[in-house]
Amino acid sequence: MSGRQALFFVSIERGLIIKPDRQQDRDIANQGLTQSLKAGKKIGGHLLKKGANKLAPVLLPFVKYILVFLGIIILLYSITYGITCVLPRFISQQTNRPIIYNWGKKDSWTKEKDTDLYLKYNRLEYNWLQNYKSYYVLAGEKPDHISGSDAFKETVNEVWGEYMSLEKKRPLDSVKYSGIFRDKAEKYGIDTRFLESIAWAGSGFDAQSVSHGSCLGITGLPRNIINDYGIGNPFAPEASIEGGAKYLCKLLDRFGSKKLAAAAYRGSPEVVEKYGGIPPVKGVAEFVHKAMEVYREGEIFVPSAGEGCSIVAPKEQARQHSVPWSLMASLDKILGDPVIHGGIKRKPSPKEHFECLKPQLEWKDFELYYYEKEKITYTVTNDKGEEVEKTRTETEEYTHTVRLLTKASSYSADFTYNWGEKVDKYETDREDYYRYKEVRVPRLKNVSRRGPYYEPVRKILRKNNLQSGMDTELAVRTAMNLDPDFTPDAGIMNSLLEISWDSGENYYKGSAGEFIAPVEGSITSGYGYRRHPVTGDYSFHSGIDIGASKGEGVSAAEKGLVILAGKVSGYGNTVIIDHGDCKTLYGHLSFIRAKSGEEVEQGEVIGEVGNTGVSTGPHLHFEIRKGPSFIDPEEYLKE
């Protein structure tokens, strides 16, 4: 009987009702709990001690076997991890060629083995880019506003062409596989020059081309025609040229017009007949313009590879951030690898991955402006035979609105484009002649890039329980392996560590002074948008190219700390120097003299001019990066 019960019964016997004290109850309960715990601890300790004394002699002989077993497990894990992760990474860094083990036929995917999937990747990118106006469309547009006594220019190209950095190109003067083009054209009774023009407009004479989402090979044959004609390998030049000649012959007989045949080649015969001419299908009018222009004139205006462009079409700006087919293929490959992911077969998800990786773009409007005034004083003879001075004044004024990309949240990073205004004024003032010209165009000041890098890629991998930075780097390096043209930016993909950095990290505890030119020579390609000399794509050039002879010494533009000296995708042999408040990059070197981690003085030779990486000839690619921004080096170099 508890104390509380005893007190209650005693109270009843005495004829009294006494309410129990609640605080007293709690104290009693606490004392009981304390005593119970002490007793349990004492009994448990005694039993544990007694049991240990009895079991120890029995288990002791097995301890060493248990330790050996655990050691073997740890060793096997370390070896497996080293072979599958560390060793491939080491080999990849040393050779600049990613090593990806194919564990079975289902995982050894290549574009040649699965053309349909390859087309899906490309079609997603192509369809997305069709939302934006191309260079050819912009160049042919009529200005928004035209006024003046002598305003006769009809297109944007005629008014502002010099600011689009154009150059004339004669693509048919040196045609690849010219003998095959001639033989196949003669075989099907068509004009060789027209066949070559169609091929150039569709592929730029690239035998591996994929255009319009599903047009393959050097002649850009549609996939349905490839199947109908039984062409086994559309990327084989001779097979593609024969198929193109045969199909073009059929279209010329059907429409009797080269222009309509070209439209049907890129679009389809049914669509051309439906609209009774060139259909309003994206990409078709551009294709016809390019093909007919080069066929008739032999030349066409294309963006210059040497100079940065002030006026850039939205499509060319957006293209910088489009999702590479190789990255989607890389993710499909990794997520289906039984060793990396544990899956049993590949389940490609190009559309799902594209939706996650595609960029979010922000734009602003900019008004192009052109004004010209010309005053000419001349002498005429009147009816009386007298010489009279007269003045003729002519004016031209044009405006046109273009779109400029300001922000892009892409698969690799968040980019910010800082645009300014460039105003050029020219004036000639003579006694008999006066001319004034004013032009206003955009000027790209700098491009900033911030992390976290490859976050959309990480998101897809995390969704599939691949959490580490190694997985992200594996995805990017696999994409590089699948497509040599996929070249991640230096400073992001140099190492696993750098992939997790945000931008703006400094190492050198000094500050940069005035820069000197790293090598003597002329600038062969400027900062800004330009036509890439190797790929032919219109792309952003984040530095300048300085022409120089192979082996010529490359000097540090300013004192600083070498933070990278090695191979970088696209840049070849590369040195990056941290100057405290900015960094400089020296690419395509033939030989590197500097070592990572050492301090260098201004003018100290850090390497030699070369032609490594993606390059057409010996030169130095030189960049200045201030925080997260790419800066025009010409603004910082000494005269």
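Scroll up for the structure.
These numbers come from a predicted model, not from an experiment.

Here's the deal with the overall build of the protein
Tallying secondary structure elements over the protein gives 18 helices and 23 strands in all. When burial is assessed residue by residue, the protein has 46% of its 639 residues classed as buried. A fraction of 68% describes how many contacts in the protein between residues 6 or more apart in sequence connect residues 24 or more apart. In the structure as shown, the protein presents an accessible area of about 33,100 Å², 51% of it carried by carbon and sulfur atoms.

Some words on the pairing of strand β22 (residues 619-626)
Buried residues dominate β22, accounting for 7 of its 8 residues. Alignment of strand β14 (residues 544-547) against β22, held across 4 bridges, turns out to be antiparallel. Note on β22: the bridge partner recorded for I544 is F622. Taken together, β22 and the strand that follows it, strand β23 (residues 629-631), pair antiparallel across an intervening segment of 2 residues, in which G627 is found at a positive phi of about 60 degrees.

Remarks on the pattern of salt bridges
Side-chain pairs of opposite charge can arise where the charged atoms are in close proximity. Overall, the coordinates contain 19 salt bridges when judged by the stated rule. A salt bridge links E396 to K153, with the nearest nitrogen and oxygen atoms 3.0 Å apart. Of this pair, E396 sits in strand β8 (residues 387-409) while K153 is found in the loop between β1 (145-147) and α5 (156-160), placing the two residues 243 residues apart along the sequence. The salt bridge involving K358 is made with E355; its shortest N-O contact spans 3.2 Å. Connected through shared salt-bridge partners, K184, K187, E238 and E242 make up one network.

A few points about the sheet that holds strand β5 (residues 221-222)
The 3 strands lie next to each other as β3-β4-β5, forming an open sheet whose pairing is antiparallel. The outermost strands of the open sheet, each flanked by one partner alone, are β3 (210-211) and β5. Here strand β4 (residues 215-216) runs beside β5; their pairing, made up of 2 bridges, is antiparallel. Looking at β5, one finds that L216 is bridged to L221.

What counts and how
Residues numbered from 1 in each chain as written. Predicted model: local features only at pLDDT ≥ 70, side-chain atom pairs only at ≥ 80, totals over all residues. Heavy atoms only, no water. Helix = DSSP H or I, 4+ residues; strand = E, 2+ residues; numbered from the N terminus. Buried < 20%, exposed > 50% of the residue type's maximum accessible area, 1.4 Å probe, protein only. Contact = heavy atoms within 4.5 Å. Areas by Shrake-Rupley, 256 points an atom, 1.4 Å probe, with all protein chains shown as cover. Pairing = 2+ DSSP bridges. Salt bridge = Lys/Arg side-chain N within 4 Å of Asp/Glu carboxyl O.

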